[in-house]
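Listed below are the residues making up each chain.
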Amino acid sequence: MTKLPPVNDTVNGTAPSDAEIVLEAGHGASDKRYRALIEATSQVVWSWSPHGGKNDFERSQKWWEELTGQSIDEQSASGESWLDVVHPDDRTAAAEAWATAISTGARYDSKYRVRGRKNNWRQVRARGVPVCGADGVVTEWIGTLEDVTDQYEHLIERERLLAEAEAERRRLEEVFRNAPSFMAVMRGPQHVFERVNDRYIELIGGRDVVGKPVREALPEIEGQGYLELLDQVYQKGTTHIAADARVRLRNPSAELERVLQFVYQPMFEADGTVSGVIVQGIDLTEKRLAEDQLAQLTAESELRKRVYEAILSNTPDLAYVFSLDHRVTYANETLLKMWGQTWDQAIGKTLLEIGYESWHAEMHSREIEEVKATRRPIRGEVPFNGTFGRRIYDYIFIPVVGANGELEAVAGTTRDVTDRKETEEALRDADRKKDDFLALLAHELRNPLAPIRNGLQVMRLAANDPDAVAKAREMMDRQLSHMVRLIDDLLDVSRITRNKMELRRDELALAEIVSSAVEAAGPAIHDAGHELTVALPTEPVILNADFTRLAQVLSNLLTNSAKYTPRGGKIWLSAERRDDEVAILVKDTGIGIPARALPTIFDMFSQVDRSVERSTGGLGIGLALVKGLVEMHGGSVSAESVEGKGSTFTVRLPVAKPITESLKGGPHPATAHKLSRRILVVDDNHDGAESLAMMLRLLGNEVTTVHDGLNAVVAAGAFRPQVILMDIGLPILNGLDATRQIRREPWGQNMTIIALTGWGQTNDRDLSRDAGCNGHLVKPVSIEDLERLLGKVRDI
Ligand code: ADP
């Protein structure tokens, strides 16, 4: 490195240089002007001899001092070279530039910073030119040192501003690229894509559009109206804002409709002309979809809410919800009605505040706490006095658990079970009655058996004593009739309750029915020493009735009066015509019926609990039968009584239109016909068959018995009976098939075949008629039935 001359050499040299001499000697006038020039300039002017030199320009010295705050002399005295005031960073470059100039003799031009007077750095520009002698040898360097700090700072500022602008541009670029909205810049009337951000590329399905006009880049846009808008914005320089625009875009292969919110914004040049359009917006498709779904969900949940509300408002059950602090947060219509409160009055209140008695409110509070603690439903039953009166409620409290597993509330439903309870109680009562009845039935059926057995013994032991035998027989007959009546009643009641009872209705005179009933009840009335008075309207009253059944009704009432009236009482049977109905009253002076028993007196198995009944017997079904039969006739029955002062039973029946034809038929029952016939009795019950045969024989008939269907056919062929009494349920061949076989034979055509069955239903009758039977008798067959039937056989 070339060693630089010290500053003092430059400004304060000791020996005058050749150049100085040349200038001073050769150019006196010029020198003056030269000095004037130096005086006038604001720059430091320096001279430098190639071998050391001095600067004696006073002005320069002054300016140097102004620049650096030190005189050249001071600097020299402190031993500093010019390089020492140069900024350390610039020192090497400055020294090298000077060394290069010296060694090459080329012009010198260097910039560096020197320490200024205020200890700040000043930017200077040092320039120098070599001055040569006539021989062309460098004799001196003349130069200037210019303080260019101001210029330089300006430059730095410019560069700083440029750098800042660049950084700003990059930031904007970044913002543009990463913006959450889609953006595109289009230039020119053809809207050529100049720049698009990532969102925009996503929107258009990743297509590369930069450099292409919009019509070419996004052909699917054509015809949707947006290109026209774009043209308009470009031409008019107006901004277009589109909200919820539906745009079909290809993405990436399929064309999808997107919901966009965007703005077309014109880009103006400095001169006010439009050079392009910026598109900027957001894709609302997903949001709208989510909104639609939300709206749908909301609508669905609203609907569900309405459905639940409708159900809850219309159920007869009470529904409610308690908050965890026991306040009612929901109560359905029925519950509000039961409380007699409005929604606003009840909601938010505790049960105590709603008006529950404290024991009741506290009980439910404890139960709510229990549900909260156990998270299990609890169930209970409680009576409550609400606007519906005192009712019994069955309730259940259920925990309501939220989505996060937290207990949110306690819900409940309550059902009014009063009716069910009553029904259950009634059923239990009926069941009790039935059990009582069965016990009674067993008892009542056994009662006649003992005297019958005794009678049999008497007949055996006293076979030779016709009086004793006759007495025994009478007694047995009485007991048996009683038993048959009991069983008949039972079967009748059962038929009525199962709706199997059939009436054989005819137009009959009430008087006949009454006379039959009186005849049937006569012995009981007579035996008890009662007095019976019968009073009927003088005009005949015609009823459309089943003779036997209606007679049964009246005889039941008369028998009851006889039974429940102390010996020697009075009984009245009267009838009154009232418009289209007749009221038949059976009145007695008996023990009467306690008021508490009256409402249920016509129920099945209903008996008033008192000792007298036990002695008179009965199953408690007589009045049920009366009621059933009367109602089947389209009538009604009622009872009035004062305990101890007799009873009155009233039967009301519709009256039939009078018929002109006089009443047909003779008195009931039909008169017996004692004619001898050949009769075949078929019954697999040997005793049944034999006893029937005995009875028929005693009536003067010739009787044969067989015990199965096949023998019946054989016997019929051999014996040729005029009448066959044919049981239906028979072994080998049943009664119907046996009848058919007999009817197929020539000799069987004219025989009278009567079916004997346990039940007398239409169906059975139809079956036996179809098989070829002429008639149908229900077991046990009474002697009256037989006589009536045999009487008819003559006419068959
Ligand atoms: P029962 O077989 O017990 O007579 P009913 O059905 O005929 O059965 O009568 C039911 C009950 O009604 C009887 O047990 C009796 O207590 C009472 N009752 C019926 N008729 C009379 C009456 N005329 N006077 C008093 N009590 C009667």
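Above this text is the structure in question.
Here's what I pulled together on the structure shown here. Throughout, residues of each chain are indexed from 1 in the direction in which the sequence is written. Given that this is a predicted model, residues contribute local features only at a pLDDT of at least 70 and side-chain atom pairs are listed and counted only at 80 or more, while totals for whole chains, interfaces and linings are drawn from all residues. Side-chain measures here rest on the full set of heavy atoms in the structure, leaving out hydrogens and waters.

Quick look at the overall build of the protein chain now. What counts as a helix is a DSSP run of H or I of at least four residues, what counts as a strand is a run of E of at least two, and both are numbered from the N terminus. What the protein chain contains, in helices and strands, is 26 helices and 26 strands. Burial analysis of the protein chain (796 residues in total) assigns 41% to the buried set. For the protein chain, contacts bridging at least 24 residues in sequence account for 56% of all contacts bridging at least 6. To sort residues, take the accessible area from a 1.4 Å probe on protein chains only and compare it with the maximum for the residue type: under 20% means buried, over 50% means exposed, and anything in between is partly exposed. We call two residues contacting when some pair of their heavy atoms lies within 4.5 Å.

Before going further, it helps to spend a moment on the environment of L786. Looking at where L786 falls in the secondary structure, it is placed in helix α26 (residues 783-793). Judged by its relative accessible area of 1%, L786 is buried. Put simply, L786 and L696 are 90 residues apart on the chain and 8.3 Å apart in space, counted from C-alpha to C-alpha. Residues contacting L786, with those up to four places away along its chain left out, are L692, M695, L696, L725, L777 and V781.

Quick look at the nonpolar core now. Buried together is how nonpolar side chains tend to be arranged in soluble globular proteins. In this text, buried Ala, Val, Leu, Ile, Met, Phe, Trp, Tyr and Cys residues form a nonpolar core when linked through side-chain atoms within 4.5 Å. L543, V582 and I584 are the most contacted members of the largest nonpolar core, which totals 50 residues. Per-element tally for this core: the top contributor is helix α19 (residues 547-563), with 8 residues. Residue contacts for L543: discarding those within four places in its chain leaves D506, E507, L508, L510, I513, L550, V582, L653, P654, V655 and A656. Among the nonpolar cores identified, the runner-up in size contains 29 residues, and M186, I221, Y234 and V274 belong to it.

Okay, the sheet that holds strand β8 (residues 255-268) next. Strand order in the open sheet formed by 5 strands is β6-β5-β9-β8-β7, and the pairing between neighbours is antiparallel. Bordering the open sheet on either side are β6 (192-196) and β7 (240-250), each of which pairs with just one other strand. Neighbour-to-neighbour, the strand axes of the sheet open up by a mean angle of 35°, direction not taken into account. Both strand β5 (residues 182-187) and strand β9 (residues 274-283) contribute to a ladder of 6 bridges, which runs antiparallel. Considered in β9, the bridge of V185 is made with I278. To obtain an axis, a line is fitted to C-alpha atoms, over the contacting stretch when the element is a helix, and the angle between two such axes runs from 0 to 180 degrees between their N-to-C directions. Along the sheet face, helix α11 (residues 285-314) touches β7, β8 and β9 and points at about 135° away from the line of β8. Two strands qualify as a pair provided that DSSP identifies no fewer than 2 bridges between them.

Looking now at the sheet that holds strand β12 (residues 378-386). Within the open sheet, the 5 strands sit side by side as β11-β10-β14-β13-β12. Their pairing is antiparallel. Strand pairing shows two members of the sheet lacking a second neighbour, β11 (328-331) and β12, which therefore form its edges. The mean inter-strand angle of the sheet, taken between neighbouring strand axes irrespective of direction, is 25°. One ladder, built from 5 bridges, connects strand β10 (residues 318-322) with strand β14 (residues 407-416); its direction is antiparallel.

Next up on the list: the packing of aromatic side chains. Two aromatic rings, drawn from Phe, Tyr or Trp (for Trp, its six-membered ring), form a pair once their centres lie within 6.5 Å of each other, and the interplanar angle then sorts them: stacked below 30 degrees, edge-to-face above 60, tilted otherwise. Throughout the structure, instances matching the rule amount to 14 aromatic pairs. An angle of 70° between the planes, with centres 5.9 Å apart, marks the rings of Y226 and F262 as edge-to-face. Highlighted residues: Y226 in helix α10 (residues 226-236) and F262 in strand β8, separated in sequence by 36 residues. Here F602 and F649 contribute two aromatic rings whose centre-to-centre distance is 6.1 Å and whose plane-to-plane angle is 85°, an arrangement assigned as edge-to-face.

So, on to the pattern of salt bridges. Side-chain pairs of opposite charge can arise whenever the charged atoms involved come near each other. Within this document, salt bridges are pairs made up of a side-chain nitrogen of Lys or Arg and a carboxyl oxygen of Asp or Glu, the two lying within 4 Å of each other. With the rule as written, the count across this model stands at 45 salt bridges. D90 is the salt-bridge partner of R113, the closest N and O atoms lying 2.8 Å from each other. Of this pair, R113 sits in strand β2 (residues 108-115) while D90 sits in helix α6 (residues 88-104), and the two are 23 residues apart along the sequence. Using a relative accessible area of 13% as the deciding quantity, one classes D90 as buried.

Bringing the environment of K118 into the picture now. Examined against the element boundaries, K118 turns out to sit in the loop between β2 and β3 (121-132). Residue classification places K118 among the exposed positions, given a relative accessible area of 68%. A C-alpha to C-alpha distance of 7.3 Å links K118 and G69, two positions 49 residues apart in sequence.

Take a nonpolar patch on the surface next. Taken together, the side chains of L303, V307, Y308 and I311 define a hydrophobic patch exposed on the protein surface, amounting to about 390 Å² of accessible area. The class of L303 is partly exposed, set by a relative accessible area of 48%. Think of a patch as exposed residues, more than 30% relative accessible area, with no salt bridge, where like charges cluster within 9 Å and nonpolar side chains (Val, Leu, Ile, Met, Phe, Trp, Tyr) cluster within 5 Å. Here the accessible surface of atoms and residues is derived via Shrake-Rupley with a 1.4 Å probe, and residues count as covered only by protein chains that are part of the display.

For the rest of this paragraph, the subject is unusual backbone geometry. Of note in this structure, N119 is not a glycine but carries a positive phi near 60°. Among the secondary structure elements, N119 is positioned in the loop between β2 and β3. By relative accessible area, N119 is classed as exposed at 59%. Its identity is not glycine, yet D579 carries a phi of approximately 55°, on the positive side. On the secondary structure map, D579 appears in the loop between β18 (570-578) and β19 (581-588). On the basis of relative accessible area, D579 is assigned to the exposed category, the value being 67%.

One ladder, built from 3 bridges, connects β10 with β11; its direction is antiparallel. Within β11, the position partnered with Y320 by the bridge is A331. Between the antiparallel neighbours β10 and β11 lie 5 residues, among them H326 with a positive phi of about 70°.

Before going further, it helps to spend a moment on the packing of helix α23 (residues 709-719) against helix α24 (residues 735-744). In contact at an axis separation of 9 Å, α23 and α24 are set at 25° when each is read in the N-to-C sense. Considered as vectors, α23 and α24 are oriented roughly parallel to each other. In this structure, α23 meets α24 at a crossing whose hand is right-handed. Every residue of α24 that contacts α23 at G709, A712, V713 and A716 is listed here: A738, Q741 and I742. Just so you know the grouping, Ala, Val, Leu, Ile, Met, Phe, Trp, Tyr, Cys and Pro go in nonpolar, Asp, Glu, Lys and Arg go in charged, and all remaining residues, Gly too, go in polar. For the contact of α23 with α24, the residue count by class is 5 nonpolar, 2 polar and no charged. An angle below 35 degrees is read as roughly parallel, one above 145 as roughly antiparallel, one from 65 to 115 as roughly perpendicular, and any other as oblique. Each crossing gets its hand from how the near helix is turned against the far one by less than a right angle, where anticlockwise is left-handed and clockwise is right-handed.

A word on the environment of E370. Secondary-structure assignment places E370 in helix α15 (residues 358-374). Take E370: its relative accessible area is 40%, and that puts it in the partly exposed class. Setting aside chain neighbours within four positions, we find E370 in contact with R375 and I378.

Okay, the packing of helix α17 (residues 466-497) against helix α21 (residues 622-632) next. Close contact between α17 and α21 brings their axes to 10 Å; oriented N to C, the two are set at 50°. Considering the angle they form, α17 stands oblique to α21. Note on packing geometry: the crossing formed by α17 with α21 is left-handed. Contact residues: D489, D492, V493 and I496 in α17; L625, G628, L629 and M632 in α21. Residues belonging to the contact of α17 with α21 are distributed by class as follows: 5 nonpolar, 1 polar and 2 charged.

This part covers the pairing of strand β23 (residues 702-706). Two strands pair when backbone bridges link them, and strand β22 (residues 678-682) and β23 are joined in this way by 5 bridges, in the parallel orientation. The partner of L680 across the bridge, within β23, is T704. Looking down the strands as they point away from you, a crossover is right-handed if its path from the first strand over the helix to the second goes clockwise. Where the polypeptide runs from β22 across helix α22 (residues 686-698) and back to β23, its parallel neighbour, the crossover connection is right-handed.

This part takes up α23. Two residues of an α-helix separated by three or four positions point the same way, owing to the 3.6 residues in each turn. Taken residue by residue, α23 has G709, A712, V713, A715, A716, G717 and F719 as its buried positions. The backbone nitrogen of L710 has a side-chain oxygen 3.0 Å away, supplied by the residue at the start of α23, namely D708. Immediately beyond the C-terminal end of α23, within one or two residues, lies R720, with a positive phi of roughly 45°. Throughout this description, a polar contact denotes any pair of N or O atoms lying within 3.5 Å of each other; where both atoms belong to protein, one of them has to be capable of donating a hydrogen while the other can accept it, and for residues adjacent in sequence the pair is counted only when both atoms sit in side chains.

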